[in-house]
Amino acid sequence: MGSFSIWHWLIVLAVVIIIFGTKKLRNMGGDIGGAIRNFKQSMKEESEGKPEQTPPTPGDDKQIPGSGRVIDAEASTKDKSKS
């Protein structure tokens, strides 16, 4: 009673085909496949293109550009309505 048989899945598939149509389902499948392909390609390019960088040690005189320094600051606005 808790599991679905093959007939349940065939009925669900038929309803989905009736609602969306085969052309729209084919286009969605192609779009999803293309997105996955692009994702895999970008992950592959990212891992090949970037050499591993080691963070600078304290006391190192050289600074690496774009080292990700954190600047602690506070933003404030001047409110002219306070008089």
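Residues numbered from 1 in each chain as written. Predicted model: local features only at pLDDT ≥ 70, side-chain atom pairs only at ≥ 80, totals over all residues. Heavy atoms only, no water.

A. Up close: the overall build of the protein chain. Tallying secondary structure elements over the protein chain gives 2 helices and 0 strands in all. Taken over 83 residues, the protein chain has a buried fraction of 1%. For the protein chain, the accessible surface area stands at approximately 8800 Å², while carbon and sulfur atoms represent 59% of it. (Helix = DSSP H or I, 4+ residues; strand = E, 2+ residues; numbered from the N terminus. Buried < 20%, exposed > 50% of the residue type's maximum accessible area, 1.4 Å probe, protein only. Areas by Shrake-Rupley, 256 points an atom, 1.4 Å probe, with all protein chains shown as cover.)

B. The arrangement of a nonpolar patch on the surface in detail. A surface patch of nonpolar side chains, amounting to about 880 Å² of accessible area, comprises Phe4, Trp9, Ile11, Val12, Val15, Val16, Ile19, Phe20 and Met28. No other element matches the 7 residues that helix H1 (residues 6–20) contributes to the nonpolar patch. Tracing the chain through its elements places methionine 28 in helix H2 (residues 22–49). Taking relative accessible area as the criterion, methionine 28 reaches 39% and is therefore assigned partly exposed. (Patch = residues over 30% accessible without salt bridge, like charges linked within 9 Å, V, L, I, M, F, W, Y side chains within 5 Å. Salt bridge = Lys/Arg side-chain N within 4 Å of Asp/Glu carboxyl O.)

C. The arrangement of the packing of aromatic side chains in detail. Counted by the stated rule, this structure contains 1 aromatic pair. Each ring, one from phenylalanine 4 and one from tryptophan 9, has its centre 5.5 Å from the other, and the planes form 65°; the classification is edge-to-face. (Phe/Tyr/Trp six-rings, centres within 6.5 Å; stacked < 30°, edge-to-face > 60°.)

D. Structural detail: H1. Over its 15 residues, H1 extends 21 Å from the first C-alpha to the last, a length consistent with the 21 Å expected when each residue adds 1.5 Å. The first or second residue beyond H1 is glycine 21, which carries a positive phi of 85°. (Expected span 1.5 Å × (residues − 1).)

Purely geometric numbers; function is a separate question.
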